[in-house]
Amino acid sequence: MKVLVTGGAGYVGGVSVDALLAAGHEVVVLDDLSTGHAAIVHPAARLVVGTYADETATRELLKSEGVDAILHCAARSLVGESMANPAKYYRENVVGGVALLEAARAAGVLRVVFSSSASTYGVPDETPITEQAPLRPINPYGESKRAFEGALRWYGVAYGLRSVILRYFNVAGATDRLGEVHRPETHLIPNALIAASGGRALTLFGEDYPTPDGTPIRDYIHVADLADAHVAALVATDSADARTGPVGGGPTEPVIANLGTSTGFSVKDVLREAEAVVGRPIPHTVGPRRAGDPPVLVASNGRAREVFGWAAGRSTLAEMIGSAWAWRRAHPEGYGD
Ligand SMILES: NC(=O)c1ccc[n+]([C@@H]2O[C@H](COP(=O)([O-])OP(=O)(O)OC[C@H]3O[C@@H](n4cnc5c(N)ncnc54)[C@H](O)[C@@H]3O)[C@@H](O)[C@H]2O)c1
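Parameters at a glance
Residues numbered from 1 in each chain as written. Predicted model: local features only at pLDDT ≥ 70, side-chain atom pairs only at ≥ 80, totals over all residues. Heavy atoms only, no water. Helix = DSSP H or I, 4+ residues; strand = E, 2+ residues; numbered from the N terminus. Rg over C-alpha atoms; globule rule 2.2 N^0.38 Å. Buried < 20%, exposed > 50% of the residue type's maximum accessible area, 1.4 Å probe, protein only. Contact = heavy atoms within 4.5 Å. Lys, Arg positive; Asp, Glu negative; His and termini not counted. Charge placed at Lys NZ, Arg CZ, Asp CG, Glu CD. Axes fitted to C-alpha atoms, helices over the stretch in contact; angles between N-to-C directions. Parallel < 35°, antiparallel > 145°, perpendicular 65-115°, else oblique. Left-handed = near helix turned anticlockwise from the far one by under 90°. Nonpolar A, V, L, I, M, F, W, Y, C, P; charged D, E, K, R; others polar. Expected span 1.5 Å × (residues − 1). Arc of directions from axis to C-beta. Core = buried A, V, L, I, M, F, W, Y, C linked by side-chain atoms within 4.5 Å. Domains from an automatic or database assignment. Buried area = accessible area lost by both parts, 1.4 Å probe. Salt bridge = Lys/Arg side-chain N within 4 Å of Asp/Glu carboxyl O.

## Observations concerning the overall build of the chain
- Within the chain, the regular secondary structure consists of 10 helices and 14 strands.
- Computed over C-alpha atoms, the radius of gyration of the chain comes to 19 Å, within 12% of the 20 Å expected from 2.2 N^0.38 for 337 residues, which places it in the range of a compact globule.
- Viewed in the frame of its principal axes, the chain has a C-alpha envelope of about 55 × 45 × 40 Å.
- When burial is assessed residue by residue, the chain has 53% of its 337 residues classed as buried.
- In the chain, the share of contacts with a sequence separation of at least 24, taken over all contacts with a separation of at least 6, comes to 78%.
- Here the chain carries 30 positive and 37 negative side-chain charges, and the mean point of each set is 2 Å from the other.

## Some details on the packing of helix α6 (residues 188-196) against helix α10 (residues 317-330)
- Running from N to C, α6 and α10 point in directions that differ by 50 degrees, and their axes come no closer than 10 Å. Considered as vectors, α6 and α10 are oriented oblique to each other. Crossing angle aside, the handedness with which α6 passes α10 is right-handed. In contact with Ile189, Pro190, Leu193, Ile194 and Ala196 of α6, α10 contributes Ile321, Ala324, Trp325 and Arg328.
- Partitioning the contact of α6 with α10 into residue classes produces 8 nonpolar, no polar and 1 charged.

## A few points about helix α8 (residues 267-278)
- Its 12 residues give α8 an end-to-end C-alpha distance of 17 Å, which sits within 8% of 16 Å, the value for a rise of 1.5 Å per residue.
- Listed in full, the buried residues belonging to α8 are Val267, Val270, Leu271, Ala274 and Val278. Projected down its long axis, α8 shows its buried positions confined to an angular sector of 100 degrees, all on one face. Counted as exposed and oriented over 90 degrees from the buried face of α8: Arg272 and Ala276.
- Buried-residue contacts for α8 involve α6, β8 (202-205), β10 (220-222), β12 (265-266), β13 (284-287) and α10.

## Things to note about the nonpolar core
- Counting residues in each nonpolar core, the largest one holds 44 residues, and the members touching the most others are Leu166 and Phe308.
- For this core, the secondary structure elements donating two or more residues are β1 (2-6), α1 (11-22), β2 (26-31), β4 (69-72), β6 (162-168), α7 (223-236), β11 (255-259) and α9 (302-308).
- If you tally residues by element for this core, the top one is α7, at 8 residues.
- Of the residues that make up this core, three or more belong to each of domain 1 (2-169 + 222-259) and domain 2 (188-218 + 261-330).
- With residues up to four places along the chain from it excluded, the contact list for Phe308 reads Val164, Leu166, Ala232, Ala233, Ala236, Arg243, Val255, Ala257 and Arg303.

## Quick look at the domain arrangement of the chain
- Examined at the domain level, the chain breaks down into domain 1 (2-169 + 222-259) and domain 2 (188-218 + 261-330).
- For domain 1 versus domain 2, the separation of C-alpha centres amounts to 25 Å.
- Tallying the contact residues gives 26 residues for domain 1 and 19 residues for domain 2.
- Here domain 1 meets domain 2 over a buried area of about 1900 Å², counting both sides, of which 66% is carbon and sulfur.
- A per-residue breakdown of the area domain 1 buries against domain 2 is headed by His222, Asp225 and Leu259, which together make up 28% of the total.
- Our count for the contact surface shared by domain 1 and domain 2 stands at 2 salt bridges.
- A salt bridge links Arg314 to Asp225, with the nearest nitrogen and oxygen atoms 2.4 Å apart.
- Within the residue set of the side of domain 1 that touches domain 2, elements represented by two or more residues are β6, α7 and β11.

Listed below in structure tokens is the structure:
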């Protein structure tokens, strides 16, 4: 199969491109390099620099490349920025996303796998969170993911689009080739490793949560496990595959699956494990809580197992932090850009 990966020069997209190539598929990457790095893109994939929001150019690309399916990883994805500038999130993630879907429809590409997020759930009533939990995002980022999920659903009803919505929890870790470099970096593990390398001290946002050690609990998922799930999900969108086809004589419905390990680790657990991995104390301070940080976010991951036969194979913090640290030590300049 030939796959267009939007955001394939980013962290999740880049590792997914590698996994697709390793599984024998062909890949074209569409990335505007706004937060990505050209060096991430595997040499066996073609990189086209541009935005998926350009409907005409995307349609022509899909047609000229003979693309079979789309993995839509590209997005604006900073929660704080989305609170300060909601229009950017609606314009790019929602309006731009619809331009991508229109391009896909015009090119006859009716297979999409989408990088969604646990942020669509907001503050859950229960944990572990199942895919049936109500979607009540508490920031424009999560809202934009929820809105695009809705668009996928209605494209299924109107045009028979087959889609898989993957709601990631906290992505972590590295492969031998690719690690996490975001600017600004807002994720806990890379920030702990930056502090361990002599960069700015780590800030723990609140230690007065109703959790055993007072810090928020999150579900971490290794980026390589995530990539495996993407390959399985793309395969499942084949027109002959019953998993993504019309449901009970009705319309085509998106298949929705959480991607997490179903195990929660607190911020202090992560800090302790990071200190064990690097072999020294990590400078840190404790600040106030961040608005909108729920105490506990842990996925129920039974659906991904049931539909795709997927299981997280690298589910310990030691594997996630250890691989991230190994990559950082081997690439002290990141991607050199
Ligand atoms: N990293 C996480 O913990 C996490 C958790 C949940 C969901 N997600 C979602 O996963 C996806 C990938 O996240 P990531 O951490 O790899 O981010 P990233 O910033 O590393 O990658 C995003 C890529 O998309 C590209 N891009 C952005 N806008 C574009 C546009 N209009 N056209 C073409 N390319 C564009 C960027 O240049 C970048 O290469 C995002 O959709 C994000 O919302 C990530």
